[in-house]
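Here is how the chains run, residue by residue.
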Amino acid sequence: MADMTLISQTFTSLQSASQLAKALIGLRDSAMIDAKVIELRDHLIEAQGSTMQAQTEQSALIQEVRDLKKQITDMENWGKEKQRYQLIEPWAGCFVYALKESSKETEPAHYICEHCYQGGRKSILHNHTHYKPTHVSVLKCSHCTFENEMHTHGKREYA
């Protein structure tokens, strides 16, 4: 009977050792799983960061395309608009663009700045009249530094 008890104790010890070994393997596997989960999480975070960067770059490109389309539209519109004007010299040394006769039915006669016209902008010139010893008409642009004056002795000669 002593042999049976010894065998039973040995078997119980081996069984406990086996369970302990399984537990140790489980702990080792759990630690490896935890390490792989951390590694996987790091890769997912990196992928998420790359995705957000790509989305930001895509948004910037979309905005750039919108801006370029607007520039093209503006240039096309300006190309049509500038055909409505012709370069004139209302008095010596003063060059401006005047609304052509064919376009006057839709708006009153006016001059636009030659400098702004060359830059793609329609800037209407304003007439400032001063009465000093002589009559002085001054054309001024509100967008650039263009200013030109004409001295006359009679009525103003501005369109």
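Let us look at the structure shown here.

What counts as what
Residue indices follow the written sequence of each chain, beginning from 1 at its first position. Confidence filtering applies because this is a predicted model: local features only for residues at pLDDT of at least 70, side-chain atom pairs given and counted only at 80 or more, and all residues used for totals across whole chains, interfaces and linings. Each side-chain value is derived from all of the structure's non-hydrogen atoms; neither hydrogens nor water enter the calculation. Helix numbers and strand numbers start at the N terminus; a helix is a DSSP run of H or I with at least 4 residues, a strand a run of E with at least 2. Accessible area is worked out with a 1.4 Å probe on protein chains only. A residue is then buried under 20% of its type maximum, exposed over 50%, and partly exposed in between. It only takes one pair of heavy atoms within 4.5 Å for two residues to be counted as in contact. Salt-bridge detection follows one rule: a side-chain nitrogen of Lys or Arg within 4 Å of a carboxyl oxygen of Asp or Glu. To qualify as a nonpolar core, a set must consist of buried Ala, Val, Leu, Ile, Met, Phe, Trp, Tyr and Cys residues joined through side-chain atoms within 4.5 Å. Here a polar contact means two N or O atoms within 3.5 Å. Within protein one must be a hydrogen donor candidate and the other an acceptor candidate, and residues neighboring in sequence count only if both atoms are side-chain atoms. Side-chain rings of Phe, Tyr and Trp, where Trp is taken by its six-membered ring, are said to pair if the distance between their centres is within 6.5 Å; with planes under 30 degrees apart they count as stacked, over 60 as edge-to-face, and otherwise as tilted. For two strands to be treated as a pair, DSSP must find no fewer than two bridges joining them. A fitted line through C-alpha atoms serves as each axis, taken over the contacting stretch for helices, and the angle formed by two N-to-C directions is quoted from 0 to 180°.

### Examining the overall build of the chain
1) Next: Along the backbone of the chain there are two helices and six strands.
2) Next: Out of the 159 residues in the chain, the part that is buried amounts to 19%.
3) Next: Long-range contacts, defined here as pairs at least 24 residues apart, represent 28% of the contacts in the chain between residues at least 6 apart.

### Digging into the pattern of salt bridges
1) Next: Evaluated as defined, the whole model comprises nine salt bridges.
2) Next: One salt bridge in this structure joins Lys 104 and Glu 101, with 2.7 Å as the shortest N-O distance.
3) Next: Note that Lys 122 is salt-bridged to Glu 107, the shortest N-O span being 3.7 Å. Taken as a pair, Lys 122 in the loop between α2 (114–118) and β4 (126–131) and Glu 107 in the loop between β2 (94–99) and β3 (111–113) lie far apart in primary sequence, 15 residues in all.
4) Next: Residue Lys 122 is classed as partly exposed on the basis of its relative accessible area of 31%.
5) Next: Overlapping salt bridges, with partners in common, bring together Glu 81, Arg 84, Glu 107 and Lys 122 in one network.

### Points about the nonpolar core
1) Next: Among the nonpolar cores identified, the biggest contains 12 residues, and these are Trp 91, Cys 94, Val 96, Ala 98, Tyr 111, Cys 113, Cys 116, Leu 125, Leu 139, Cys 141, Phe 146 and Met 150.
2) Next: Secondary structure elements with two or more residues in this core: β2 and β3.
3) Next: Considering each element in turn, this core owes the most residues, three residues, to β2.
4) Next: Counting six residues, the second largest nonpolar core, distinct from the first, contains Trp 78, Leu 99, Ile 112 and Tyr 117.

### Here we look at the side chain of Asn 148
1) Next: Among the secondary structure elements, Asn 148 is positioned in strand β6 (residues 147–152).
2) Next: Given a relative accessible area of 15%, Asn 148 falls into the buried group.
3) Next: Reaching out from Asn 148, the side chain makes a polar contact with the side chain of Trp 91 at a distance of 2.7 Å.
4) Next: Polar contacts involving the side chain of Asn 148 include one to the main-chain carbonyl oxygen of Gly 93, which spans 3.4 Å.
5) Next: Once you skip the residues sitting within four places of it in the chain, Asn 148 turns out to touch Trp 91, Gly 93, Cys 94, Ser 137, Val 138 and Leu 139.

### Topic: the packing of aromatic side chains
To describe a pair of aromatic rings, you give the distance between the ring centres and the angle between the ring planes.
1) Next: What the rule picks out here adds up to two aromatic pairs.
2) Next: Look at Trp 78 and Tyr 117: their rings are 5.4 Å apart centre to centre, the planes differ by 70°, and that puts the pair in the edge-to-face class. Of the two residues, Trp 78 sits in helix α1 (residues 2–82) while Tyr 117 sits in helix α2, which places them 39 residues apart along the sequence. Each member of the pair, Trp 78 together with Tyr 117, is buried.
3) Next: Judged by centre distance (3.6 Å) and plane angle (15°), the ring pair of Tyr 97 and Tyr 117 falls under stacked.

### What to know about the sheet that holds β3
1) Next: Strand order in the open sheet formed by three strands is β1-β2-β3, with antiparallel pairing between adjacent strands. Every interior strand has two partners, whereas the edge strands, β1 (85–91) and β3, have only one. Across this sheet, the average inter-strand angle for adjacent strands is 50°, counted without regard to direction.
2) Next: Across five bridges, the pairing between β1 and β2 is antiparallel. Residue pairing for β2: Trp 91 is matched across the bridge by Cys 94.

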